[in-house]
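# Coordinates in review
The chain contents come next:
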Amino acid sequence: MSPTNDRRPPLKKQHARSARHSEPEPVALITQLPLLLALIVLWLVLWRSVAPLTVITGIVMSVLVVRVFYLPPVLLSGRLSLWYLFVLGLKTLWWLIESNVQMAWLAIRPRPVPKSSVLAIRLRTHSDWLLTVCAEINMLVPGSVVVEVDRMRSILYLHVLDGDNDDKVLIARAKSLEIEDSVVLALGNRGDIAAINQWRRERDQPPLLATRRQREYEAAVEAQREQREREWEGAL
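Residues numbered from 1 in each chain as written. Predicted model: local features only at pLDDT ≥ 70, side-chain atom pairs only at ≥ 80, totals over all residues. Heavy atoms only, no water.

This next bit is on the confidence of the model for the protein. Of all residues in the protein, 86% attain a pLDDT of 70 or more, and the chain-wide mean is 84. Low pLDDT, under 50, characterises residues 1–24; the stretch is placed with three contacts to residues that sit more than four places away or in other chains. (pLDDT = per-residue confidence, 0-100. Contact = heavy atoms within 4.5 Å.)

Laid out in structure tokens, this is it:
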């Protein structure tokens, strides 16, 4: 058997190169300007002074905090619907009122304290940004507390009060998915909406959003998927 010239880099170099590529790149200071301004304002509020020396020290401390205690940036969806954001605010207000009334009734009714349940709610989207917003709204609504978050699988573990039977558990689960639907409409991108639409189609439910642009996006994604499948089959 004749020797062949293998020009691939050694295994150690490949691992080192992949490790270097996986490291997050530092974020430019200009992209952290909102955080810097917020920290400066917080510094001025704490010192109750707007003297030049206080402002300068606030700027220095804010830059040190941002650079020394570095956190990876949160990737936003790149889409914001003002109308659906307004609807989300109204729905959140209604959920707060509705849940407070339910909690008040559970407190004054002449019955024993209801049993609670811990539910694993698998979200349809896989965005850290949307996962965080959904968890915060679930925390705001009385009667439910987020006890654990599985970021890799997009699962929220909710402690739900008054969840002593299957019907109440289904209602609580549907409420959490409704929260996700509202958050995705307001803050999610077309890929997030497409994921929920696909989940709904599998259950014979109407799509979350079926505008012309959304349908064109989903058709393009499906065409790309079919093209990749044909390429994989041709490579076998």
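The next thing to look at is the nonpolar core. Most often, soluble globular proteins have nonpolar side chains that are buried together. Counting 29 residues, the largest nonpolar core has Ile121, Ile137, Leu156 and Val183 as its most contacted members. Mapped by element, the contributors of at least two residues to this core are α4 (82–108), β1 (117–122), α5 (128–140), β3 (155–160), α6 (166–187) and α7 (190–202). Apart from residues lying up to four places away in sequence, Val183 is in contact with Leu88, Leu130, Val133, Cys134, Ile137 and Gly188. (Core = buried A, V, L, I, M, F, W, Y, C linked by side-chain atoms within 4.5 Å. Buried < 20%, exposed > 50% of the residue type's maximum accessible area, 1.4 Å probe, protein only. Helix = DSSP H or I, 4+ residues; strand = E, 2+ residues; numbered from the N terminus.)

Let's shift gears to the pairing of β3. Where β1 lies against β3, six bridges are found, and the strand directions are antiparallel. Looking at the pairing, Leu119 lines up with Leu158 of β3. Judged from the six bridges that link them, strand β2 (residues 144–150) and β3 form a sheet pairing that is antiparallel. Within β3, the position partnered with Val146 by the bridge is Leu158. Between β2 and β3, which pair antiparallel and follow one another directly, the connecting turn spans four residues, one of which, Ser154, has a positive phi of 55°. (Pairing = 2+ DSSP bridges.)

Counting across every chain of the model gives two aromatic pairs. Each ring, one from Trp43 and one from Trp47, has its centre 5.8 Å from the other, and the planes form 45°; the classification is tilted. Of this pair, Trp43 and Trp47 both sit in helix α2 (residues 33–47), four residues apart, which is roughly one turn of that helix. The class of Trp47 is exposed, set by a relative accessible area of 55%. Arranged with centres 6.0 Å apart and planes meeting at 35°, the rings of Trp83 and Phe86 form a pair that is tilted. You can see Trp83 and its partner Phe86 sitting in helix α4, three residues apart, about one turn around the helix. (Phe/Tyr/Trp six-rings, centres within 6.5 Å; stacked < 30°, edge-to-face > 60°.)

Here we come to a nonpolar patch on the surface. Among the surface-exposed residues, Ile56, Val60, Met61, Leu64, Val65, Val68 and Phe69 lie close enough to one another that they form a single nonpolar patch of about 640 Å² accessible area. Position of Phe69 among the secondary structure elements: in the loop between α3 (52–68) and α4. On the basis of relative accessibility, which here comes to 60%, the residue Phe69 falls in the exposed class. (Patch = residues over 30% accessible without salt bridge, like charges linked within 9 Å, V, L, I, M, F, W, Y side chains within 5 Å. Areas by Shrake-Rupley, 256 points an atom, 1.4 Å probe, with all protein chains shown as cover. Salt bridge = Lys/Arg side-chain N within 4 Å of Asp/Glu carboxyl O.)

This part covers α6. An α-helix turns once per 3.6 residues; consequently, residues spaced three or four apart project the same way. The first and last C-alpha atoms of α6 sit 31 Å apart over 22 residues, in line with the 32 Å expected at 1.5 Å per residue. The opening residue of α6, the one whose side-chain oxygen lies 3.2 Å from the backbone nitrogen of Asp167, is Asn165. (Expected span 1.5 Å × (residues − 1). Polar contact = N/O pair within 3.5 Å; in protein donor to acceptor, adjacent residues only side chain to side chain.)

Helix length check: α2 (15 residues) gives 21 Å between terminal C-alpha atoms against 21 Å at 1.5 Å per residue, within 8%. Listed in full, the buried residues belonging to α2 are Leu36, Ile40 and Leu44. One face of α2 carries all of its buried residues, which in axial projection span an arc of 75°. The exposed set on the far side of α2, more than 90 degrees from its buried face, consists of Pro34, Val45 and Leu46. (Arc of directions from axis to C-beta.)

This model, assessed by the stated rule, comprises 14 salt bridges. Its salt-bridge partner being Asp150, residue Arg153 comes within 2.7 Å of it at the nearest N-O pair. With relative accessibility at 17%, the residue Asp150 sits in the buried group. In this structure, the salt-bridge partner of Arg212 is Glu216, at a minimum N-O distance of 3.0 Å. You can see Arg212 and its partner Glu216 sitting in helix α8 (residues 212–235), four residues apart, about one turn around the helix. Residue classification places Glu216 among the partly exposed positions, given a relative accessible area of 44%. Salt bridges sharing common partners tie together Arg124, Glu180, Asp181 and Arg200.

Here the focus is the sheet that holds β1. What holds strands together in a sheet is hydrogen bonding between their backbones, with the strands either parallel or antiparallel. Read from one edge of the open sheet, three strands run β1-β3-β2, paired in antiparallel fashion. Both outer strands of the open sheet, β1 and β2, are each paired with one neighbouring strand and no more. Taken over all neighbouring pairs, the strand axes of this sheet differ in orientation by 25° on average, direction set aside. Of the strands in this sheet, β2 and β3 touch α5, which is tilted by about 155° from β2. (Axes fitted to C-alpha atoms, helices over the stretch in contact; angles between N-to-C directions.)

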